[in-house]
Amino acid sequence: MKKKFIMIDFFLKHISMFFAYFVLLVIFGLFLVLYINSKDAINHFGFFSFITSNVWSPAFDKFGGLIALIGTFLTTVISAIIAIPIALGIAIFLVEICPNFLKTPIGIAIELLAAIPSVIYGFWGLFYLGPLIEKYVQPFFNATLVKLPIVGQYFYGYSSSVSLFTASVVLAIMIIPFTAALTRDALKITPDLLKESAYALGATKWETISKVMFRYSKGAIIGAVLISLGRAIGETMAVTFVIGNQDSLPTSLMSATTTVTATIANEFTEASSHLYLSSMYLLAFILFLLSFLLIIGSKMFFLRKVRD
Amino acid sequence: MRKRKIKNYIGLSISTISAFIGLFFLLWIIVSLIEKGFHYVNWSVFTQNAVSPGDEGGGLKFAILGQLEVVSIASLLGIPTGILGGIYLSEYGKDSFLSNVIRNVSDAMTSIPSIIIGIFVYALVVVPMGGFSVLAGSIALALLMMPIVISSIDNILRLVPNELREAAYALGAPKYIVIFKVVAKEAIVGIVSVILLAISRILGETAPLLFTSFNSNFESYKLNKPIATLTVTMYDYAMGPYDSWHHLAWAAAIILTFSVLLFNIASRLFSYWRFRR
């Protein structure tokens, strides 16, 4: 009887250990598989000329990642510019302004929206938001912002329901609930004692929020923002529907272009040559490294504070 | 004093306004989705298969069943292994250096772009097997599930008070009995909540399925054959040229949104129940 116990214990310990270590195996395998498969593209084009070349031509078997990387960079940055202030507003509202009986329902609503799959956001952008942007926003831009000197041309567009702008807005709407939930948790870590001390010294509510709470949870908020950027940079479906998938550099906010994820999603299964496929592995490898760096960075800021 | 008060009002109003802008957008999505899509959901969507392109009618039976198959197999692969991994971290590894490394890596893996997991499985499963398959799609989703399950199970089991374990040990129970009959029993509601959450997280995944289970027009549920799933079908139909396809895509969007929300809410109810107890 005793022996059976020892056997089962031994078995359970080692099998559960295997699955825990399996995670390390997967991350290592990811790195290795992406590297090995992108090696041909690295050898053929050279890493730096790959990321600085804007030629993406399956017909001539010549590939460069610049267009996709710039598309990814721009959609991520523009969506962050739209989403982060709104998300911070929601977080401040939920933690400090909102009456107590509304906190839970609004909080849950936001978390549920963060759970909606990204393919739904992309789909909604294609069939609902895109046409609205084409009908209202773009004529508005053409009538106002385009008239501005120098920067005006960057807002010009013609019948663009799918564009860099649409993709960034959809992406922003998608990451708002995610970022809001994270920054709310980050703001919540401020001890009540500190807030009460600020009020006792005669600080207004806004001063308490901006000078006490923000300062206290600065690290955690930066972490939350970085993790949201990581989410935006690797998002595929919300962008693929509405970016236009054109292998050309965007000339304005309203022009169609592509991103790393959209290129991979659209062309991976159609790759006709080995070099073509390898170039897409290389794009995926770069994306993997970028998002991993963002996650590690956010962990250094965020988790240290929240876990303490 | 006055200046500070004005600043206070401006700051608070800006946050409140941005909160309402955000909430408006989010409500808008749900409302417009229901308003434009709901009437495309009817009985034949669930019972019929696709008709020839461009013809009105037809349904998503194969895609719905395909989605169920891929997600079920992924859950069978991802959940038990994830639970075991979580058990190791909380019951055996505890605070050792390597366990903390695994915790961090597993946390980080939940944020890796899912399309990259798709490519990884393409290289490791699809290429050696010689084609897209249900199995490849399920493995991709399972790999997405596993780190979520590991991290949450670890967190939940660590909340179980040590006194319970000590009491069981004192009665002479071997470790596996302590884990399964004491620790897991205490945390069972939380474990169910984690399982539901993990399913809701992969239910709507599209990108990792694009290069693994792919899509198919022939109704076949064999493990080594490609299969239609709701998400990929929705993508293909939305990008396609026919109105009838777009209508089915709207129906798919509604079905998908509500099933994800259903699992998510169920998971929340369980975790609420856990804290109440």
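Residues numbered from 1 in each chain as written. Chains lettered and ligands numbered in written order. Predicted model: local features only at pLDDT ≥ 70, side-chain atom pairs only at ≥ 80, totals over all residues.

A. Representation of the overall build of chain A within the structure. Each helix and strand counted, chain A has twelve helices and two strands in total. Its helices and strands taken in sequence order, chain A reads α-α-β-β-α-α-α-α-α-α-α-α-α-α from the N to the C terminus. The dimensions of chain A, computed from C-alpha atoms along their principal axes, are 75 × 65 × 35 Å. Here chain A holds 308 residues, and 51% of them are scored as buried. Across chain A, the fraction of contacts at a sequence separation of at least 24, relative to all contacts at a separation of at least 6, is 76%. (Helix = DSSP H or I, 4+ residues; strand = E, 2+ residues; numbered from the N terminus. Buried ≥ 20, exposed ≤ 12 C-beta atoms within 10 Å, placed from the backbone. Contact = placed C-beta atoms within 7 Å.)

B. The arrangement of the overall build of chain B in detail. Along its length, chain B carries twelve helices and zero strands. Taken from the N to the C terminus, the helices and strands of chain B come in the order α-α-α-α-α-α-α-α-α-α-α-α. Here chain B holds 277 residues, and the buried ones make up 49% of them. Across chain B, contacts joining residues at least 24 apart in sequence account for 74% of those joining residues at least 6 apart.

C. Quick look at the UniProt feature "domain: ABC transmembrane type-1" (unreviewed entry) in chain B. The positions that UniProt labels "domain: ABC transmembrane type-1" (unreviewed entry) are, in the present scheme, residues 64–267 of chain B. The distance from the first to the last C-alpha atom of residues 64–267 of chain B is 22 Å, and the span holds 78% helix and 0% strand. (UniProt positions renumbered as here; feature names shortened; annotations may be inferred.)

D. Spotlight on the interface of chain B and chain A. On the chain A side, the residues contacting the 67 residues of chain B number 67 residues. A per-element tally of the side of chain B that touches chain A places helix H1 (residues 2–37) of chain B first, with 19 residues. Partitioned by chemical class, the residues of the side of chain B that touches chain A number 42 nonpolar, 19 polar and six charged. (Nonpolar A, V, L, I, M, F, W, Y, C, P; charged D, E, K, R; others polar.)

E. Focus on the UniProt feature "domain: ABC transmembrane type-1" (unreviewed entry) in chain A. What UniProt calls "domain: ABC transmembrane type-1" (unreviewed entry) maps, in this numbering, to residues 69–298 of chain A. Taken end to end, residues 69–298 of chain A comprises 74% helix and 0% strand; its first and last C-alpha atoms sit 21 Å apart.

F. Molecular detail of the packing of helix H5 (residues 118–143) of chain A against helix H6 (residues 164–188) of chain A. Residue and element names in this part refer to chain A. Axis separation between H5 and H6 bottoms out at 9 Å; the angle between their running directions is 135°. The orientation of H5 with respect to H6, classified from their angle, is oblique. Crossing geometry of H5 relative to H6 is assigned as right-handed. For the pair formed by H5 and H6, the contact residues are Ser118, Tyr121, Gly122, Gly125, Leu129, Gly130 and Ile133 on the first element and Phe165, Thr166, Val169, Val170, Ile173 and Met174 on the second. Here the residues of the contact of H5 with H6 sort into eight nonpolar, five polar and no charged. (Axes fitted to C-alpha atoms, helices over the stretch in contact; angles between N-to-C directions. Parallel < 35°, antiparallel > 145°, perpendicular 65-115°, else oblique. Left-handed = near helix turned anticlockwise from the far one by under 90°.)

G. View of the UniProt feature "transmembrane region" (unreviewed entry) in chain A. Residues and elements named next belong to chain A. UniProt's feature table lists "transmembrane region" (unreviewed entry) at residues 12–36, 42–59, 66–94, 106–129, 162–182, 220–244 and 280–302, given in the numbering used throughout. As a span, residues 12–36 carries 100% helix and 0% strand, and end to end its C-alpha atoms are 35 Å apart. The annotated region residues 162–182 carries 90% helix and 0% strand content, and the separation between its end C-alpha atoms amounts to 30 Å.

H. Examining the environment of B:Leu144 more closely. All names here are of chain B. For Leu144, the position within the fold is in helix H6 (residues 134–158). For Leu144 and Gly78, which are 66 residues apart along the polypeptide, the C-alpha to C-alpha distance reads 8.1 Å. If sequence neighbours within four positions are ignored, Leu144 has contacts with Ser114, Ile117, Ile202, Glu205 and Pro208.

I. How the structure looks around the UniProt feature "transmembrane region" (unreviewed entry) in chain B. Here the UniProt-annotated "transmembrane region" (unreviewed entry) positions come out as residues 12–34, 70–89, 110–129, 135–157, 178–203 and 248–270 of chain B. As annotated, residues 135–157 of chain B comprises 100% helix and 0% strand, and the C-alpha atoms at either end are separated by 31 Å.

J. Representation of the domain arrangement of chain B. All names here are of chain B. According to the domain assignment, chain B consists of domain 1 (2–40) and domain 2 (44–276). Each of domain 1 and domain 2 has a C-alpha centre, and these two points are 32 Å apart. Between domain 1 and domain 2, the residue contacts involve five residues of the former and six residues of the latter. Within the side of domain 1 that touches domain 2, the residues separate by chemical class into three nonpolar, one polar and one charged. (Domains from an automatic or database assignment.)

K. Structural context of the packing of helix H1 (residues 2–45) of chain A against helix H4 (residues 97–109) of chain B. Packing of H1(A) against H4(B) leaves a shortest axis separation of 9 Å and a crossing angle of 55°. In terms of axis orientation, H1(A) runs oblique to H4(B). Here the hand of the crossing between H1(A) and H4(B) comes out left-handed. Residues A:Ala20, A:Tyr21, A:Val23, A:Leu24 and A:Ile27 of H1(A) touch H4(B), and the partners they reach there are B:Ile102, B:Val105, B:Ser106 and B:Met109.

L. Examining the nonpolar core more closely. Ranked by size, the top nonpolar core spans 192 residues in total, and within it A:Phe123, A:Ala284, B:Met145, B:Met234 and B:Ala252 carry the most contacts. For this core, the two domains that each supply at least three residues are domain 1 (2–40) and domain 2 (44–276) of chain B. Excluding anything up to four places from it in sequence, A:Ala284 contacts A:Leu34, A:Ile264, B:Ile116 and B:Ile119. (Core = buried A, V, L, I, M, F, W, Y, C linked by C-beta atoms within 7 Å.)

M. Spatial organisation of helix H9 (residues 188–203) of chain B. Relative to the 22 Å expected for 16 residues at 1.5 Å per residue, H9(B) spans 23 Å between its end C-alpha atoms, a close match to the ideal helical length. Across the 16 residues of H9(B), 13 count as buried, placing the element largely inside the fold. (Expected span 1.5 Å × (residues − 1).)

N. Structural detail: the environment of B:Ala170. Its place among the elements puts B:Ala170 in helix H7 (residues 162–170). Sequence separation of B:Ala170 and B:Gly59 is 111 residues, and the distance between their C-alpha atoms is 60 Å.

O. A look at the confidence of the model for chain B. Residues and elements named next belong to chain B. Confidence along chain B averages 91 in pLDDT terms, with 99% of residues attaining 70 or more. Mean pLDDT values for the elements of chain B range from 87 in H1 up to 96 in H6. The complex prediction reports pTM at 0.94, with the ipTM value standing at 0.92. (pLDDT = per-residue confidence, 0-100.)

P. Geometry of unusual backbone geometry. Positive phi values are uncommon outside glycine, yet A:Asn245 reaches one of about 50°. By secondary structure assignment, the location of A:Asn245 is in the loop between helix H10 (237–240) and helix H11 (260–267). The backbone of B:Lys94 sits at a positive phi, close to 50°, despite the residue not being glycine. Locating B:Lys94 in the fold gives a position in the loop between helix H3 (61–93) and H4. Residue classification places B:Lys94 among the exposed positions, given that 11 C-beta atoms sit within 10 Å.

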